[in-house]
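Commentary on secondary and tertiary structure
One-letter residues, chain by chain:
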Amino acid sequence: MAHVNPKICAVIPAFNEEDAIGLVLDDLAANCPGVTAIVVDDHSTDATAERAHRPGTVLLSLPINLGIGGAVQTGLKYAFDHGFDIAVQVDGDGQHPADQIGSLVEPIRDGRADVVIGSRFLEAQGYRIRRGRRAGISVLRTVVSSLARVTVTDTTSGFRAYSRRAVSFLAEYYPQDYPEPEAIVELARNGLHITEISVRMNLRKGGQSSIGARDSVYYMVKVILSAALAATRAPVVGRKDE
Amino acid sequence: MEMRIQIIAITASAGLMLWVLHLIRQRILRAEYGIIWLAGTAALVIVSIWRGLLDRIANLVGVYYAPAVLLLVGIFFGILGFLHMTVALSRLADQQKKLAQELALLQENLNRHGSDTPGA
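To start, this report covers the structure provided alongside it.

**Let's talk about the nonpolar core**
All names here are of chain A.
- The biggest cluster of nonpolar side chains holds 40 residues, and the ones touching the most others in it are Ile-38, Leu-60, Leu-76, Tyr-162, Leu-187 and Ile-194.
- With 6 residues, the top contributor of residues to this core is helix α3 (residues 68–81).
- Leu-187 has contacts with Val-115, Tyr-162, Ala-166, Phe-169, Leu-170, Leu-192 and Ile-194, leaving out every residue within four places of it along the chain.
- Counting 29 residues, the second largest nonpolar core, distinct from the first, contains Ala-10, Leu-25, Val-90 and Val-199.

Have a look at this one:
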């Protein structure tokens, strides 16, 4: 469905991002004044919650640490319950520039897609990536694209926009631990239309990638297994509007 | 089977069974999880008492050394119990996630409306 003035929110999962979260919110306020920021504090032990406590910003404080999947889903539940038409997922570490949100939501505004993934790899932008990581990315691209039956170049990108239909699905079913690639398969298999656009991303302002080299084997096995099994699940129905 | 080892086997498996019953009675173990333990220990008690059963089963499945059957059955029940446990754990983690999310959403709602309420 196309809206003239859709209600848009940005779901921002944050775990110990006291250095970055303020900048993320500033960036959002400056570049997307109409977008409601929903910060999901995943039980941070630093000042993330205090930094995110601003008028006009929704702050959801999880009483225990759920990990990225559970945190994002909390924000999506809020978005669904409060009637948002489009939800954009933006990392709390400052990787995702707010000036790209406009182009990310465009395909949904036009009614061309339910899910828009911001990709770093759609156009050559000269991201420097270690060889092992590059191999992993390319394996995931092949596996996820064939299971989802749609080409996705950046399967681990957490910079995404969701239509209300996609939000209604994800509010009920959102994968845990490293959820991004699996979510693509789940969404595609449930008939949601996925498209990718090229985005520019910043280098991390603080912290590290959530995936270290030691965990990457476990990561690949877990993601491929759950994505493959997700492809065998029968389609389900998401949350219903009252 | 020698008499001595049979007495030990009966005592140990019956003791384990009684312990499981005790845990359920004291509400330390939920009955739904206790059932699999009871079934396992009951099977152990039966094969400990009924000596011929083990030999018959061993013959039936073509195992030459009868106690190996006991070992096999024991390991099988152990694995079954472990699987049951991880399933229960997954469900628990899921429910815990849902509760935490509901709590965060309710808290936000309370914070927002709490400030509008006079005297709050």
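**Section: the side chain of Glu-182 of chain A**
Residues and elements named next belong to chain A.
- Looking at where Glu-182 falls in the secondary structure, it is placed in helix α7 (residues 180–189).
- Using a relative accessible area of 6% as the deciding quantity, one classes Glu-182 as buried.
- A polar contact of 3.1 Å, which involves the side chain of Glu-182, links it to the side chain of Ser-226.
- Not counting chain neighbours up to four residues away, the residues in contact with Glu-182 comprise Pro-175, Lys-222, Ser-226, Ala-227, Ala-230 and Arg-233.

**Here's the deal with the packing of α3 of chain A against helix α4 (residues 66–114) of chain B**
- As a packed pair, α3 of chain A and α4 of chain B sit with axes 10 Å apart at the nearest point and diverge in direction by 50°. Here α3 of chain A lies oblique to α4 of chain B, going by the angle between them. For the element pair α3 of chain A and α4 of chain B, the recorded crossing hand is right-handed. On α4 of chain B, the residues that touch Gly-70, Gln-73, Thr-74, Lys-77, Tyr-78 and Asp-81 of chain A of α3 of chain A are Lys-97, Lys-98, Gln-101, Ala-104, Leu-105, Glu-108 and Arg-112 of chain B.
- By residue class, the composition of the contact of α3 of chain A with α4 of chain B is 3 nonpolar, 4 polar and 6 charged.

Cut-offs applied
- Residues numbered from 1 in each chain as written.
- Chains lettered and ligands numbered in written order.
- Predicted model: local features only at pLDDT ≥ 70, side-chain atom pairs only at ≥ 80, totals over all residues.
- Heavy atoms only, no water.
- Core = buried A, V, L, I, M, F, W, Y, C linked by side-chain atoms within 4.5 Å.
- Buried < 20%, exposed > 50% of the residue type's maximum accessible area, 1.4 Å probe, protein only.
- Helix = DSSP H or I, 4+ residues; strand = E, 2+ residues; numbered from the N terminus.
- Contact = heavy atoms within 4.5 Å.
- Polar contact = N/O pair within 3.5 Å; in protein donor to acceptor, adjacent residues only side chain to side chain.
- Axes fitted to C-alpha atoms, helices over the stretch in contact; angles between N-to-C directions.
- Parallel < 35°, antiparallel > 145°, perpendicular 65-115°, else oblique.
- Left-handed = near helix turned anticlockwise from the far one by under 90°.
- Nonpolar A, V, L, I, M, F, W, Y, C, P; charged D, E, K, R; others polar.

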